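The primary structure of each chain is shown beneath.
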Amino acid sequence: MMIIAKRGIANLTYLQFTKTKGSHQAFICGVLNTLTKSILFGIAFTLITVAATAQIAKQKAIPGSKKISSELFGLFFEDINYAADGGLYAELVQNRSFEYSPTDKRDWHPFSFWQYVTPGFSYGSVSVETNFPVHPNNPHYIVMTIEHAGDTGIGIKNHGFERMVIKAGEKYNLSFFGKQLSAESIALSVSLQDPQGKVLSENKISTSSQDWKKYTATLSPSAGSDSASLVIIATTKGKLAMDVISLFPEKTFMKRSNGLRQDLAQLLADIKPKFMRFPGGCLVHGDGLGNMYRWKNTIGPVEQRIEQKNIWGYHQTAGLGYYEYFQFCEDINAKPLPVLPAAVSCQNSGGTWRIGGTGQKALPMSEMQAYIQEVLDLIEWANGPATSTWGAKRAAAGHPGSFNLQYIGIGNEDKITPEFEQRFKMIYDAVRSKHPEITLIGTSGPFSDGEDFIKGWDIAAALEVAVIDEHYYKNPEWFLGNQYRYDSYDRKKSKVYLGEYASWGNSMKNALAEAVYMAALERNGDIVHMASYAPLLAKKNFTQWQTDMIFFDNSSVFLTPNYYVQKMFSSNQGDYFLGNVISKGTKDTTFATSCVYDSETGDIILKLVNAGTHDKNVKIDLSHFKRIIPGATKVELKANAGAVNSFENPRNVAPVTSDFKAGKKFDYVVPASSLTVIRVKTK
Ligand code: AHR
């Protein structure tokens, strides 16, 4: 076991116990009492010094190297643009629990996206009721009364999120809760149908309980359709309550139940992010206090989760909740970075962004102790033993071991008001004293500068916050012109998490401006601890934010040049920066380079970004390394500045991988409008 110590600016030492392989980390958990923690802290600190010295000694062998964050590039996930429901979350039924309402969208109601069907000479009724729900958190359900079943019965039909994509030869898992309200069993036909009503797959279920009971069936279509619907028909007389009517492809990412869309999840895994931030974004602090994202509402059986309006103008089922986020992070080997509200709502609540954003509301002081406990409980839920109150809930959901939570963000680009500051401090102090092993991340408002930015940083300095979250969306010229921003940051202050950034656009020009900036982030990886592009996912025809990383519909995806830049940087991270390997002559804002060394693999990684219109020359000097293996790999992303990808032309801009022969010293011509990553092995 190797022990690494990290010191934030704030001189707050936090500890991270890491197995040498880096795949598992076990943290000191809240189960330890304060005394045990102090003793352990002392022992750990000694070991840290030894380990850290050993590491530095090892690296002294590479002259000019600088230790940088080993988890610089990660993902930002927010349920914006239908990124979760209708997106990454693989559920095919829309409004499965009949919880949609006009609060989500003015013309939505509990039966939205459902249709009452009477295919033959049959009659009856469907109503939405609330008298005896499956669970009080999930109040609405439907009641079907079959007065005359006729030849074909009566039923309901769901079109999913703009219809369902069903593939021939694959399996689909249907489930629902049913409660027979009449004495006799009710016969049901469950089927997938194409738009003409052709049955693609059918199964039969007979109800067997007058209490709520979960029924399941598998549908195995022999023919596919990209615009199918789920149809449930009762073919016998009676009365039946139904709720949480769900359909998942069997093939979810890593075959997880209640899982994620395989293709989208794989694209995120391919980036090899070191961390993933979730669940937002503005979704975190919410549209008014009642809409804040409360993690406890999103765990446990899906029928017990509390659904609510999505601040971006639709609905959150919370089917993709904290358990699923943590599980996904573990599956893709990314550290989980949950961001919790700082007990204030979004300053733009109620659409007050139109008048300058004065809609921030703060939780009353009388609720703060309970809220702080909610934050502390998250740590126990994620890291505590399965015998602890909250750890037991994690274990019951299928994960007895710790999720190894190391970071928590408090607040999302909030307006820095006295109310915010007071509440942030209360939460911060409580977590710091009970869980010094957790690194807390503060916030500095929505912009790269200005009042909130200054006040956010002042709070960070006063409280010695280890890491602070900066956000900015700018034009590409800004990124080129500001690539030296972090060179002058005070190394004694908080480290930076650049939690949201993007240049406004998805052309090659935008992607290259981001690449120039990312090279600068690597150079400043001693002060910039983490960075994540935002937003991540955007569904065709359902976007609320124009510039995004991955665009998708129900069946296809296109990756932006920005995605490829993120992937090329993120899957090629190092933990040492070397400023003396690449010589590029003049200082030119359209031309940036970076060399990092990954001490785990022993690989040297060169990144060469030319956002200009002419080829540029560099000299590479790898003679600082005792040994290099000439057979290297090169990945090149090259296209005209205006080039974009689209659903019609998804690979217009795409990286090309080739072999590369590296010498100890060589010259290289970096093509105009390109990003090149060269990976050289030393062992
Ligand atoms: O990334 C989109 C939005 O931009 C986020 O929700 C918010 O934090 C920021 O303003």
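Quick caveat, the model's predicted, so the values are computed rather than measured.

Engineer: Tell me about the sheet that holds strand E26 (residues 550–552), and please be specific about residues and values.
Structural biologist: Sheet architecture is open: 3 strands sit in the order E25-E26-E27, paired in mixed fashion. The sheet is open, and its two borders are formed by strand E25 (537–539) and strand E27 (557–559), each paired with just one other strand. Ignoring strand direction, the axes of neighbouring strands in this sheet form an average angle of 20 degrees. In terms of strand pairing, E26 meets E27 through 3 bridges, oriented antiparallel. From the neighbouring strand, Phe 551 faces E27, where its bridge partner is Phe 558.

Engineer: For the pairing of strand E14 (residues 225–234), give the residues involved together with the corresponding values.
Structural biologist: Of all 10 residues in E14, 9 are buried, a share of seventy percent or more. Direction of pairing for strand E8 (residues 154–158) relative to E14: antiparallel, over a ladder of 5 bridges. Residue pairing across strands places Lys 157 opposite Val 231, the latter belonging to E14. Two elements, strand E9 (residues 164–166) and E14, share 2 bridges in a ladder whose sense is antiparallel. Directly across from Met 164, in E14, lies its bridge partner Ala 228. Bridge count for strand E11 (residues 187–193) against E14 is 6 bridges, and the pairing is antiparallel. The residue of E14 that forms the bridge with Leu 192 is Leu 230.

Engineer: So what's going on with the packing of helix H4 (residues 322–331) against helix H5 (residues 368–383)? Which residues, and what values?
Structural biologist: Contact geometry of H4 with H5 gives a least axis separation of 12 Å together with a crossing angle of 50 degrees. Looking at the two axes, H4 sits oblique to H5. Where H4 crosses over H5, the handedness of that crossing is right-handed. Here H4 contributes Tyr 322, Tyr 323 and Phe 326 to the contact with H5, which in turn contributes Leu 378, Trp 381 and Ala 382. Looking at the contact of H4 with H5 residue by residue, the classes come out as 6 nonpolar, no polar and no charged.

Engineer: Pulling in residues and values, what's your account of the confidence of the model for the protein chain?
Structural biologist: Per-residue confidence for the protein chain gives a mean pLDDT of 92; residues scoring 70 or more make up 91%. Within the protein chain, no element has a lower average pLDDT than strand E2 (residues 13–18), which sits at 27, and none a higher one than helix H11 (residues 561–570), at 99. In the predicted structure, residues 1–60 sits below a pLDDT of 50 and forms 109 contacts with residues beyond four places in sequence or in another chain.

Engineer: A description of the site of the ligand should follow, citing residues and the corresponding values.
Structural biologist: Around the ligand, the structure places Phe 76, Glu 78, Ile 80, Gly 281, Cys 282, Trp 312, Asn 412, Glu 413, Tyr 473, Glu 500, Pro 535 and Trp 545. With respect to the ligand, the side chain of Glu 78 contributes an N or O atom lying 2.6 Å from an oxygen atom. A distance of 2.6 Å separates an oxygen atom of the ligand from a polar side-chain atom of Glu 500. The fraction of the free accessible surface of the ligand (280 Å²) that becomes covered by protein chains is 94%. Of the residues that constitute the shell around the ligand, the class distribution is 7 nonpolar, 2 polar and 3 charged.

Engineer: Describe in detail the packing of aromatic side chains, supporting the description with residues and values.
Structural biologist: Overall, the coordinates contain 51 aromatic pairs when judged by the stated rule. Summarising the aromatic geometry, the rings of Phe 326 and Phe 403 are spaced 5.2 Å apart at their centres and angled 45 degrees between planes, so their arrangement reads as tilted. Of the two residues, Phe 326 is situated in helix H4 and Phe 403 in the loop between helix H6 (389–396) and strand E20 (407–410); the sequence distance between them amounts to 77 residues. Comparing Phe 326 with Phe 403, the two get one shared label, buried. Both rings, one in Trp 381 and one in Phe 403, keep their centres 5.8 Å apart while their planes meet at 40 degrees; by these two values the pair is tilted. Note that Trp 381 is positioned in helix H5 and Phe 403 in the loop between H6 and E20, a separation of 22 residues in sequence. The burial state of Trp 381 is the same as that of Phe 403; both residues are buried. Taken together, the ring pairs connect Phe 77, Phe 278, Tyr 293, Trp 295, Tyr 322, Tyr 323, Tyr 325, Phe 326, Trp 381, Trp 390 and Phe 403 into an aromatic cluster.

Conventions we followed
Per chain, residues are indexed from 1 in the order of the written sequence. Reporting in this predicted model follows two pLDDT cut-offs: at least 70 for local features of residues, and 80 or more for side-chain atom pairs to be given and counted; totals over whole chains, interfaces and linings ignore these cut-offs and use all residues. In computing side-chain values, all of the structure's heavy atoms are included and hydrogens and water are not. Whether two strands pair comes down to DSSP finding at least two bridges between them. Helix and strand assignments come from DSSP, with helices taken as H or I runs of at least 4 residues and strands as E runs of at least 2, each series counted from the N terminus. Interaxial angle, 0 to 180 degrees, is taken between N-to-C directions of lines fitted to C-alpha atoms, where a helix line uses only the stretch in contact. Only protein chains enter the accessibility calculation, which uses a 1.4 Å probe. A residue is then buried if its area is under 20% of the maximum for its type, exposed if over 50%, and partly exposed in between. Orientation labels follow simple angle bins: below 35 degrees gives roughly parallel, above 145 gives roughly antiparallel, 65 to 115 gives roughly perpendicular, and whatever is left gives oblique. For any pair of crossing helices, the crossing counts as left-handed if the nearer helix is rotated counterclockwise from the farther one by less than a right angle, and right-handed if it is rotated clockwise. For this analysis, residues touch if any pair of their heavy atoms sits within 4.5 Å. Side-chain classes follow a simple rule in which Ala, Val, Leu, Ile, Met, Phe, Trp, Tyr, Cys and Pro form the nonpolar group, Asp, Glu, Lys and Arg form the charged group, and the remainder, Gly included, forms the polar group. Summary of the metric used: pLDDT quantifies the predictor's per-residue confidence within the range 0 to 100. For this purpose, a residue is taken to be near a molecule or strand whenever a single non-hydrogen atom of the residue falls within 4 Å of it. Throughout this description, a polar contact denotes any pair of N or O atoms lying within 3.5 Å of each other; where both atoms belong to protein, one of them has to be capable of donating a hydrogen while the other can accept it, and for residues adjacent in sequence the pair is counted only when both atoms sit in side chains. Here the open area of atoms and residues is found with the Shrake-Rupley method and a 1.4 Å probe, where only the protein chains shown may cover a residue. What counts as a ring pair is set by centres within 6.5 Å for rings of Phe, Tyr and Trp (its six-membered ring), and what kind of pair is set by the plane angle: stacked under 30 degrees, edge-to-face over 60, tilted for all other angles.

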